[in-house]
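Secondary and tertiary structure notes
Each chain is listed here by its residues.
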Amino acid sequence: MRASRGDKHISGSERLLDVQEMEDAVSQLLRRALDHPRGRAGHISITVQPVPIAQIRNCSLLPLMTHQVKNCQQGLDRARELLIQAGLKAEIVEQSMALLAAGPSPQGGVMRGAMLIDPASGARLEPDQGSGVRVSRMDLSPESRRPVAQFLSSCGLNNQRVIEAWILASKVALYPQIVAELCWSDDPDYVTGYVASSEGGYQRITHLKEAGSDIGGRIFFVKPATEVLTLINYLRHEPVLFRLPVNVEG
Ligand code: AMP
């Protein structure tokens, strides 16, 4: 689902579902597009495409961890540390965070997809810097929905936002050429963000921007010499269903 008003991105969501689950999912997506804190959508599009079951990979979600921080400054410091631990240079981290905070689209607004950044040069690699790259075709496997909800409830985190971000971060981190991801939401009511990587897991940080700001986005840091179009094809088209990681299975 994509919702927008004029040039402004309002909201988007991706699901990978059995046919019989579609009707409920579509009405939930419609509700989300109509009631979003970024404003009422003027244009909503819901696209449904068939995915052959034989193409679907089944993989584990990244390990989840939450860093409680007192304010945005502490949160940004923590994100910097985690990105540097993932192997990025401090100056590229600084430059990328400033870009995300300023609004990365050419008009200084929010993109509906992610930026791709080469951590050696800081260059942006996504072909369309107005819309970025949207990751799609990922979800929980049907049998994992209940255990994931139970696990998240036990951490006080059982909401759609956490589930969707965890799934997205896990799909992105599966690609061997991804070094790390940085995200904070464009929803003015939601200040939690995360750093994710295959080594470090999905590391939520409770405060990464000031409340009331509707600027957010995602950066995928991509190893130098990555074949960008192959990466984009993976992010957009390769279907993956996720289950809980082994260490949190009940
Ligand atoms: P959200 O976490 O939904 O508040 O989204 C925050 C930002 O992440 C959005 O403004 C987009 O720039 C980006 N984003 C959201 N969903 C996706 C996606 N499926 N693929 C790539 N980027 C996304």
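Reading the values: rules and limits
Here, residues in each chain are numbered from 1, in the same order as that chain's written sequence. For this predicted model, a pLDDT threshold of at least 70 governs which residues receive local features, and a threshold of 80 or more governs which side-chain atom pairs are given and counted, while totals over whole chains, interfaces and linings are taken from all residues. Side-chain descriptors were evaluated using all non-hydrogen atoms of the structure, hydrogens and water having been removed beforehand. To qualify as a nonpolar core, a set must consist of buried Ala, Val, Leu, Ile, Met, Phe, Trp, Tyr and Cys residues joined through side-chain atoms within 4.5 Å. Throughout this description, buried means an accessible area under 20% of the type-specific maximum (1.4 Å probe, protein chains only), exposed means over 50%, and partly exposed covers the range between. Numbering of helices and strands runs from the N terminus, with a helix taken as a DSSP run of H or I at least four residues long and a strand as a DSSP run of E at least two residues long. Throughout, the arc means the angular range of directions from the helix axis out to the C-beta atoms. Two residues qualify as a contact provided that any one of their heavy atoms is within 4.5 Å of a heavy atom in the partner residue. A molecule or strand has a residue near it when one of that residue's heavy atoms lies within 4 Å. Definition of a polar contact: a pair of N or O atoms within 3.5 Å, with one able to donate and the other able to accept a hydrogen when the atoms are protein atoms, and with sequence-neighbouring residues admitted only if both atoms are side-chain atoms. Only the protein chains shown count as cover for residues, and all accessible areas are computed by the Shrake-Rupley method using a 1.4 Å probe. Here a strand pair is declared whenever DSSP counts at least two bridges between the two strands. In this analysis, axes come from line fits to C-alpha atoms, helices being fitted only over the stretch in contact, and the angle between any two N-to-C directions falls in the range 0 to 180 degrees. Aromatic pairs are defined between Phe, Tyr and Trp rings, using the six-membered ring for Trp, whenever the two ring centres lie within 6.5 Å; interplanar angles under 30 degrees are classed as stacked, those over 60 as edge-to-face, and all others as tilted. Only when the NZ atom of a Lys or the CZ atom of an Arg is both within 6 Å of the ring centre and within 35 degrees of the ring normal do we say a charge sits over the ring.

**Structural notes on the nonpolar core**
Counting residues in hydrophobic clusters, the biggest one holds 39 residues, and the most contacted among them are Leu116, Trp166, Phe220 and Leu235. Those elements giving two or more residues to this core turn out to be strand E7 (138–140), helix H4 (145–154), helix H5 (160–174), strand E8 (178–184), strand E9 (193–197), strand E11 (217–222), helix H6 (228–237) and strand E12 (240–243). Here this core takes 9 residues from H5, the largest share from any one element. By size, the runner-up hydrophobic cluster in this structure holds 23 residues, among which are Leu76, Met115, Trp184 and Phe221.

**A word on H4**
Residues of H4 that are buried include every one of Val148, Phe151 and Leu152, and no others. Along the long axis of H4, the arc covered by the buried residues comes to 95°, so they all point the same way. Of the residues in H4, the exposed ones pointing more than 90 degrees away from the buried face are Arg146, Gln150 and Ser154. Looking at the buried positions of H4, the neighbouring elements they touch are strand E5 (64–67), E7 and H5. The first or second residue beyond H4 is Gly156, which carries a positive phi of 70°.

**Some remarks on the site of the ligand**
Surrounding the ligand, one finds 15 residues, the nearest of these being Met111, Val135, Ser185, Asp186 and Arg218. Here an oxygen atom of the ligand and a side-chain polar atom of Asp186 are 2.5 Å apart. In this structure, an oxygen atom belonging to the ligand sits 3.0 Å away from a side-chain N or O atom of Arg218. Alone, the ligand offers 480 Å² of accessible surface; in the complex the protein occludes 87% of this.

**Comments concerning the sheet that holds E7**
Reading across the sheet, the 3 strands line up as E4-E12-E7 and stay open at both edges, with parallel pairing between neighbours. What marks the edges here is a single partner per strand, and that holds for strand E4 (57–60) and E7. Sheet twist, expressed as the average angle between the axes of neighbouring strands with direction ignored, equals 30°. Two strands pair when backbone bridges link them, and E7 and E12 are joined in this way by 3 bridges, in the parallel orientation. Across the sheet, the residue bridging to Met138 is Val240, located in E12.

**Re the packing of aromatic side chains**
Counted according to the given criterion, the structure contains 4 aromatic pairs. A network of ring pairs unites the aromatic residues Phe151, Trp166, Tyr194 and Tyr202 as a single cluster. Geometry around Tyr190 places Arg161 over its ring, the cationic atom sitting 4.0 Å from the centre. Directly above the ring of Tyr234 sits Lys171, whose terminal nitrogen or CZ lies 5.1 Å from the centroid.

**Considering unusual backbone geometry**
Even without being a glycine, Arg137 presents a positive backbone phi close to 60°. Note that Arg137 resides in the loop between strand E6 (115–117) and E7. When its relative accessible area of 16% is taken as the criterion, Arg137 is described as buried. Phi is positive for Ala225, which is not a glycine, with a value near 70°. Take Ala225: it is sitting in the loop between E11 and H6.

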